[in-house]
Amino acid sequence: MGKIKRRINGIRKLINYWNYLYYVKNKPIVSDYEYDQAIKELILLENRRPDLIIPESPTQKINVNIKNFHNSINHISPMLSFNSIYKYNDLINFDNKIRNMFKINRIVYCCEPKIDGVAVSILYKNGKLKYAVTRGNGYIGENVTNNILNISSIPSSIENSLTNIPLLLEIRGEVFLIRNNKSNLFNERNSVAGALRKSNLNISDKKLLGFYCYSANIVSKELFFDCHYNLLQHLKLYKIPINKYISCFTNTKDIIEFYNDMYKKKPLLNFNTDGIVIKINSFAMQKKLGVTNKVHKWAIAYKFPSHEKITTVKNIVYQVGRTGVITPVAKLNTINIAGANITSVSLHNFNEIKKLNVMINDTVIVSRIGDVIPKITKVLLYKRNSNAIKIDIPNKCPICSSITKYNFNKTKLICTGKLNCSAQFTELVKHFVSKDAINIPGLGNKLISKLINNNIISNLVDIFYLQEIDLIKINGINHKLAKKIIYEIKQSKKNINLSNFIYSLGINGVGVVTSILLSKFYKNINSLIISDIKILMQIKGIGFKIAKNIYDFFQDKNNLIIVKTLISKKVGLKIF
Ligand code: IVH
């Protein structure tokens, strides 16, 4: 079998499986984004080999087996879907296609939020709710009448609201999880589907579920509507819930404004939405545009930017922190998520690598929700091939070659090189000169690295012996700047809080708060130096672990020499 053919078969199998989980089990295992990307890849491959396109391909039809339903019902007409777009240009193309086809100036688009939940069809016969059924495979769905009747916003009968009741009314819409401002569930669909399947919904489930109707079929002699918007407005008279943001527009500029507006509102809405749906408003035009086996051609979903992207891991590098912790970092082929270019992500520790099962050259999903730090959320194992390289746990520090060891609970790998490791020393200097410590703003990170790499400083004391001629040797530092930095260093010595000084030493576990506690207890640095674990533990907020770190720190000869020199007359730090 050719390579393309094998790939096509592989992706089809995978998508069919995802479809089964999504449509039948209501338990998707992949995000919409990953699904859309796989469909896109399949379409590309099929375009290259049109001879391999078959009616059963998931690009043509949703092919799922619905044998698993307890109680199934045939849909009156198939419940089809629509295509998705992600870019403004795709919207222009859609609009152009419609305009070319109809050759009229005024085209009305009805725009709605795309609600993220579970699609259901509800049938009213003579005004009474007869049954409710999930979408299933689009042709046959699962009977969920009992639980739909429990959703308070769905009327069980529409007979008393108006005199003009259609003989048959089928409404379609989305059941969703009502969000309050606290919760933000990622597994909306699973939760909704789970709730709809329960034999008996409890009170809290009932309060959690909402419904918005987005289309309807009416069988009635008297009622006739020529467009989607008017039909929805009429349904409001029956107290059927219609989303309040649904609006009509006649050009792409206004549609984009609606899209941007909904995207901005998204965090404040009580339903989850992943985009907008753009529908041709006129029923006559909808009919003309028609359907494929899978989608209505008169509607399109314009999805919000995904907080996920697929990329590949180019390499793994290791960062060594101030306390020697080695953090693996994945270098990525650059991706842009919601405006930010992402070239690398932290893998935190080696357990995370194991948990994710990530290798070099793997294809991965990177996720960045809001302003949260991006991370790899999934490895696309089906894309792994023979160039995947296992990530080793280094037994030597990648910077200084000292032996590595695990911390007590095996969560962190640590370089034992201490300050002989240039990475650890560099981080210590950055910490030492930072605002809450000695505060020398002129010594920026790049300059610190250069000073250390050029052997100009090799311990903390050296900082105070720096001279202008040392600094102007460094690329990018002129006389004026060198003067300013030397001045800052001189000033920094004059007035240092004891707590800032304690903090500046970078003792493991001793942050700003602990430093303040210690400074209040000891009053001067010499008392802290000679203290023992027992006394340290008398301080409220200091436990054995930190007490031991402090004690060990001052037992270390090198540390002691540095601290004593810093406070000696020779260097002359004035600590208060
Ligand atoms: S209209 C084209 N309108 O998105 C007519 N669907 O994959 C079909 N959805 O199955 C549906 N919000 O469950 C329509 N405002 C909306 C919608 C919406 C969410 C769901 C629906 C459909 C799926 C598309």
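Keep in mind the model is a prediction, meaning the values are calculated, not measured. Numbers given for residues are sequential positions, taken from 1 along each chain in its written order. A pLDDT threshold of at least 70 governs which residues receive local features in this predicted model, and a stricter bar of 80 or more applies before side-chain atom pairs are shown or counted, although totals over entire chains, interfaces and linings include all residues. With hydrogens and water set aside, each side-chain value is computed from the structure's full complement of heavy atoms.

**Points about the nonpolar core**
1) Next: Residues Leu-443, Ile-463 and Leu-518 are the most contacted members of the largest nonpolar core, which totals 51 residues.
2) Next: With near-sequence residues (within four places) excluded, Leu-443 lies in contact with Val-433, Ile-448, Leu-451, Ile-463, Ile-485 and Ile-489.
3) Next: Membership of the second largest hydrophobic core comes to 34 residues, among which are Leu-129, Ile-165, Ala-193 and Ile-240. We define the nonpolar core as a collection of buried residues of types Ala, Val, Leu, Ile, Met, Phe, Trp, Tyr and Cys that are connected through side-chain atoms lying within 4.5 Å of one another. Burial classification: accessible surface area is computed with a 1.4 Å probe over protein chains only, and a residue below 20% of its type maximum counts as buried, one above 50% as exposed, and the rest as partly exposed. Residues are treated as being in contact if the distance between any of their heavy atoms lies within 4.5 Å.

**What about the sheet that holds strand β5 (residues 128-134)?**
1) Next: Should DSSP find at least two bridges between two strands, the strands are taken to pair. Only DSSP runs of H or I covering at least 4 residues are called helices, and only runs of E covering at least 2 are called strands; the numbering of each starts at the N terminus. An order of β5-β4-β7-β8 is seen for the four strands of this open sheet, with the pairing classed as antiparallel. In this open sheet, the two edge strands, each paired with only one partner strand, are β5 and β8 (209-219). Taking each pair of neighbouring strands and ignoring which way they run, the sheet shows an average axis angle of 25°.
2) Next: Here 10 bridges tie strand β7 (residues 168-177) to β8, and the two strands are oriented antiparallel to one another. Orientation is described by lines fitted to C-alpha atoms, with helices fitted over the stretch in contact, and by angles between N-to-C directions that extend from 0 to 180 degrees.

**Observations concerning the sheet that holds strand β11 (residues 295-303)**
1) Next: Taken in spatial order, the five strands of this open sheet run β2-β11-β10-β3-β9, and their pairing is mixed. The two strands at the open ends of the sheet, each matched to only one other strand, are β2 (81-85) and β9 (247-249). Each neighbouring strand pair of the sheet contributes to a mean axis angle of 35°, computed without reference to strand direction.
2) Next: Bridging between strand β3 (residues 109-115) and β9 involves three bridges; their strand directions are antiparallel.

**Digging into the site of the ligand**
1) Next: Put simply, a residue is near a molecule or strand once any heavy atom of it comes within 4 Å of that molecule or strand. Close to the ligand lie 16 residues; Ser-81, Glu-112, Arg-135, Glu-174 and Lys-279 are nearest.
2) Next: Identification of polar contacts relies on pairs of N or O atoms within 3.5 Å, with a donor-acceptor requirement for protein atoms, meaning one able to donate a hydrogen and the other able to accept it, and with residues adjacent in sequence counted only if both atoms are side-chain atoms. A distance of 2.5 Å separates an oxygen atom of the ligand from a polar atom in the side chain of Arg-135.
3) Next: Where the shell around the ligand is concerned, the elements lending two or more residues are β2, β3, β10 (273-280) and β11.
4) Next: Gly falls in the polar group here, along with every residue not listed as nonpolar (Ala, Val, Leu, Ile, Met, Phe, Trp, Tyr, Cys, Pro) or charged (Asp, Glu, Lys, Arg). Among the residues forming the shell around the ligand, the class breakdown is nine nonpolar, two polar and five charged.

**Focus on helix α16 (residues 512-522)**
1) Next: Taken together, the buried positions of α16 are Thr-514, Ser-515, Leu-518, Ser-519 and Tyr-522. In a view along the axis of α16, the buried residues occupy a sector of 135°, so they form one face of it. Along α16, the residues that are exposed and aim more than 90 degrees away from the buried face are Val-513 and Lys-520.
2) Next: Looking at the packing, one finds that the buried side of α16 touches α15 (498-504), α17 (525-529), α18 (533-536) and α19 (544-555).
3) Next: Looking at the residues trailing α16, positive phi occurs at Lys-523, about 65°. Within this analysis, the arc is defined by the directions that extend from the helix axis to the C-beta atoms.

**Considering the state of the cysteines**
1) Next: Note on disulfides: each one is a pair of cysteine sulfur atoms within 2.5 Å. All told, the structure shown has zero disulfides when counted by the stated rule.
2) Next: Of all cysteine sulfurs, the one in Cys-248 lies closest to Cys-110, which takes part in no disulfide; the gap is 4.2 Å.
3) Next: Left unpaired, Cys-227 is separated from the closest cysteine sulfur, that of Cys-248, by 6.6 Å.

**Topic: the pattern of salt bridges**
1) Next: Here, a salt bridge means any Lys or Arg side-chain nitrogen found within 4 Å of an Asp or Glu carboxyl oxygen. The final tally for this structure, using the stated rule, is 18 salt bridges.
2) Next: A salt bridge links Lys-303 to Asp-36; the nearest nitrogen and oxygen atoms lie 3.0 Å apart. Residue Lys-303 is located in strand β11, and its partner Asp-36 is located in helix α2 (residues 32-48); the two are separated by 267 residues in the primary sequence.
3) Next: Residue Asp-36 is classed as buried on the basis of its relative accessible area of 15%.
4) Next: The network of salt bridges with common partners includes Arg-7, Glu-41 and Lys-383.

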